[in-house]
Amino acid sequence: MSDGHLFNNILLGGRGGTNPGQFKVHPGGLSWKKQGGNVIHIDKVDVTSVTWMKIPRCYQLKIRTTDGLVYMFSGFREQDTSNLTNFMQKNMGILPDEKQLSVTGHNWGGIDIDGSTLTFMVGSKQAFEVSLPDVAQTQMQGKTDVLLEFHVDDTTGANEKDSLMELSFHVPMSNTQFVGDENRSSAQILWETILGEVDAGSSEAAVSTFEGIAILTPRGRYNVELHLSYLRLQAQANDFKIQYTSIVRLFILPKSNNPHTMVVVTLDPPIRKGQTLYPHIVIQFETETVVEINVKLSTELLAEKYKDRLEESYQGLIHEVFIKVLRGLSAAKVTRPGSFRSSQDGYAVQSSLKAEDGLLYPLEKGFFFLPKPPTLILDEEIEFVEFQRLGARGAGMSSHNFDLLVKLKNDQEHLFRNIRRSECQNLSNFINGKHLKMMNLGDGQGTSGGVTDVIHDSGDDTVDPHLERIKNQAGDEESDEEDEDFVLDKDDGGSPTDDSGGDESDASESGDEKEKSSGKKASSSKPPAKRKPKGGEGEDSEKRKRKSKKDPNAPKRAMTPFLCFSISERAAVKGSNPDLHSNEITKKLGLMWQKMSTQEKQPYIQQSLVDKKRYEEESAAYLGANLADEDPISADD
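The structure presented is a predicted model; accordingly, all values stated were derived computationally and were not measured.

Student: Provide a residue-level description of the overall build of the chain, including the pertinent values.
Tutor: Helix and strand content of the chain: eleven helices and 32 strands. Out of the 637 residues in the chain, the part that is buried amounts to 44%. Nonlocal contacts in the chain, meaning residues at least 24 apart in sequence, comprise 56% of its contacts between residues at least 6 apart. For the chain, the exposed surface amounts to about 34,800 Å²; the carbon and sulfur share of it is 47%.

Right, dumping it as structure tokens:
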């Protein structure tokens, strides 16, 4: 083909294993696409060397780039080598070299260090090579041995049984390649040479750091470091290093009626903790937290490599700043909630999956259940969707909830239980709009005439206490990017010990509780407890009241951006709606805040930062004054 060559079943090799994909070479460069996964592009101007090597049963193509990365593609036939060599030479101006591989099995030879690559040579042939940036640390063992310990790459070969962890070289005192002296042995000369390259590769500082971030899956509180080529999650007991090439998609999903926003990093391959694989990292941010960070990159690097992707500094809500920096470094696409709205104008409906309560987010091209177990279902995988238990009216059955069954084409089923009946119409309309096959036959446990009948005869007049809370003020922008299809072959299950995040649900609304409230009071042999008289709680109550009294001189707490907005707009809303109660005005302000863009919120974010600085200064002065007024501690204390 004149415009390029395409090869299937080409393996991209690494220290932890190999991944199959599709390899393409064209006049502009090279590309490799993993089956159902990521794409790697290499421009011809970034290629520094290309080498062919005969390995068992096939040929391997090694490509080195200007930024020091090395890619190993294997699976080529003998006739492919001549075709690719001619094409690269003619259309790209690159002449591949040929290197012979040593197959004698000898474990003694020489060492060649070329930049960031260490090659072990047997005679004039290569036995193996390792990438020095993968080395975590190197140390001397005795006077003649040099030990290399490698990083645990949590996303390379997650399903591989074996991975290179240590490598030891024995350097005799009589070595002629690394000549020692009275003060330093030959092994020490080699160790210092390797150490210089390892330090140069590991000196990369974090571009930005977010400390003390709550992660729901895998559970824990981590410091999140964003580096140039990888994401690092560091905690007391765990340390994950995740390559950006493993990030498939980023999700921003605000919690309904909750001051938190979830950011989900979807991985392929997943990270591993013990024997559990985690294809989704679920991060929870406090929605109203405002941060200001400076990106630790040189002006030249920002202009050359990250132009139009990263800025020198960011200021705003913490989850928005985090997603902008991570997106700029990883080039991953972001998915936000689409057109679906619940009966209370939220992005998700409360439900339960596998006895775990959580939130079900209907997205434009799938469904996402969070936080535990994080389960992503793509529309293209769905066989049909069925509404169950719509008309249930029996003992032990709640008439206020229904179940949603999602049947996949591979015969796997996901049953989302205890969804409020008030969400039935919005869900059915949204699913119909996506042209998914719907089964509305119910489960036969009562009279079920389908979704339409239930919508017109809901009878759900009860008040949900969750819906009385102030709306979540997270950014309400819909995604300006297309929610493209992508395929994950891994199980979406999380750790059985993960925390579900503490979200409430309607799962406890059982039929037994409905019977208790139906008017038939159960008898009891115990007499009713006497109610305490109002105001007669005694001296203990007075002491508690005295203890809880606030100091009038204490500084006033800093205002959140939403509070600044409310103070500014409350008078106008009250003037145009004089009949509204104060609680209803607050709800209306919450809805207005939700519909504002990040740019429109910026003045109030700035005002919040100024007030936060004021609070910190006043708190420091207040604390200093109190410490100065305190009496010295006596021996009785």
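Student: Let's hear about the nonpolar core: which residues, and what values?
Tutor: Core analysis: the biggest nonpolar cluster contains 40 residues, and Phe 210, Leu 226, Leu 233, Ile 281 and Phe 322 have the highest contact counts within it. Element by element, the count of residues in this core is highest for helix H4 (residues 318-330), at seven residues. With residues up to four places along the chain from it excluded, the contact list for Leu 226 reads Ala 206, Val 207, Ser 208, Phe 210, Leu 231, Tyr 244, Phe 322, Val 325, Leu 326 and Leu 329.

Student: Help me get a handle on the sheet that holds strand E19 (residues 247-254), residues and values and all.
Tutor: Across the sheet, eight strands lie side by side as E18-E17-E16-E15-E21-E20-E19-E24; this open sheet has mixed pairing. Each having just a single partner strand, strand E18 (239-243) and strand E24 (334-335) make up the two edges of the open sheet. Examined bridge by bridge, strand E15 (residues 208-217) and strand E21 (residues 276-286) share three bridges and lie antiparallel to one another. Counted as the bridge partner of Ile 215 is Ile 283 from E21. In the packing of H4 onto the sheet, contacts are made with E15, strand E16 (220-226), E19, strand E20 (260-273), E21 and E24, and the angle to E19 comes to roughly 165°.

Student: Lay out the pairing of strand E13 (residues 145-150) with the relevant residues and their values.
Tutor: Burial analysis of E13 places five of its six residues in the buried class, the great majority of the element. Note: E13 against strand E14 (residues 166-170), five bridges, orientation antiparallel. Bridge pairing in E14 links Asp 145 to His 170.

Student: An account of unusual backbone geometry is requested, with residue identities and associated values reported.
Tutor: At the junction of Thr 217 and Pro 218, the peptide bond is cis and its omega measures out at -5° in the coordinates. With respect to the helices, strands and loops of the structure, Pro 218 is situated in the loop between E15 and E16. Omega for the bond connecting Lys 372 with Pro 373 falls within 30 degrees of zero, at -10°, which places this linkage in the cis form. With respect to the helices and strands, the residue Pro 373 is situated in the loop between strand E27 (366-370) and strand E28 (375-378). Phi is positive for Asp 411, close to 75°, though the residue is something other than glycine. Judged by its relative accessible area of 58%, Asp 411 falls in the exposed class.

Student: Please give an account of the packing of helix H9 (residues 561-576) against helix H10 (residues 582-594) that cites residues and values.
Tutor: Relative to each other, H9 and H10 sit at 120°, their axes nearing to 10 Å. As far as their axial angle goes, H10 and H9 are oblique. Handedness of the H9/H10 crossing: right-handed. Residues Pro 561, Phe 562, Phe 565, Ser 566, Glu 569, Arg 570, Val 573 and Lys 574 of H9 pack against Ser 582, Ile 585, Thr 586, Lys 588, Leu 589, Gly 590, Met 592 and Trp 593 of H10. The residue makeup of the contact of H9 with H10, split by class, is eight nonpolar, four polar and four charged.

Student: Outline the confidence of the model for the chain, supporting the account with residue identities and numerical values.
Tutor: Predicted confidence across the chain gives a mean pLDDT of 76, with 74% of residues reaching 70 or more. Ranking the helices and strands of the chain by mean pLDDT puts E27 first, with 94, and helix H7 (residues 511-516) last, with 41. A low-confidence stretch, residues 441-449 stays under pLDDT 50, and its non-local contacts, those more than four residues away or across chains, total 14 contacts. Predicted confidence for residues 456-526 stays below pLDDT 50, and this span has 168 contacts to residues more than four positions away or in other chains.

Student: I'd like a description of helix H1 (residues 78-92), backed by residues and values.
Tutor: With 15 residues, H1 should reach 21 Å at 1.5 Å per residue; the first-to-last C-alpha distance of 21 Å fits that figure. Along H1, the positions that sit buried rather than exposed are Asp 80, Thr 81, Leu 84, Thr 85, Phe 87, Met 88 and Met 92. In the stretch just after H1, Gly 93 is the one whose phi turns positive, near 70°.

Student: Would you mind going over the packing of aromatic side chains in detail, with residue names and values included?
Tutor: In the structure shown here, the tally under the stated rule is 20 aromatic pairs. Ring centres 5.4 Å apart and planes at 75° place the aromatic pair Phe 7 and Phe 76 in the edge-to-face group. Here Phe 7, found in strand E1 (residues 5-14), pairs with Phe 76, found in strand E7 (residues 70-76); they are 69 residues apart in sequence, far enough to count as distant. Residue Phe 7 is classed as buried on the basis of its relative accessible area, which comes to 11%. Residue Phe 76 is classed as buried on the basis of its relative accessible area, which comes to 1%. With a centroid separation of 6.4 Å and an interplanar angle of 45°, the aromatic rings of Tyr 222 and Phe 240 are classed as tilted. Of this pair, Tyr 222 sits in strand E16 while Phe 240 sits in strand E18, and the two are 18 residues apart along the sequence. A relative accessible area of 3% means that Phe 240 is categorised as buried. Aromatic rings pair up to connect Phe 7, Phe 23, Trp 52, Tyr 71, Phe 73 and Phe 76 into one cluster. The ring of Tyr 59 carries the charged tip of Lys 54 above its face, separated from the ring centre by 5.5 Å.

Analysis parameters
- Residues numbered from 1 in each chain as written.
- Predicted model: local features only at pLDDT ≥ 70, side-chain atom pairs only at ≥ 80, totals over all residues.
- Heavy atoms only, no water.
- Helix = DSSP H or I, 4+ residues; strand = E, 2+ residues; numbered from the N terminus.
- Buried < 20%, exposed > 50% of the residue type's maximum accessible area, 1.4 Å probe, protein only.
- Contact = heavy atoms within 4.5 Å.
- Areas by Shrake-Rupley, 256 points an atom, 1.4 Å probe, with all protein chains shown as cover.
- Core = buried A, V, L, I, M, F, W, Y, C linked by side-chain atoms within 4.5 Å.
- Pairing = 2+ DSSP bridges.
- Axes fitted to C-alpha atoms, helices over the stretch in contact; angles between N-to-C directions.
- Parallel < 35°, antiparallel > 145°, perpendicular 65-115°, else oblique.
- Left-handed = near helix turned anticlockwise from the far one by under 90°.
- Nonpolar A, V, L, I, M, F, W, Y, C, P; charged D, E, K, R; others polar.
- pLDDT = per-residue confidence, 0-100.
- Expected span 1.5 Å × (residues − 1).
- Phe/Tyr/Trp six-rings, centres within 6.5 Å; stacked < 30°, edge-to-face > 60°.
- Lys NZ or Arg CZ within 6 Å of the ring centre and 35° of its normal.

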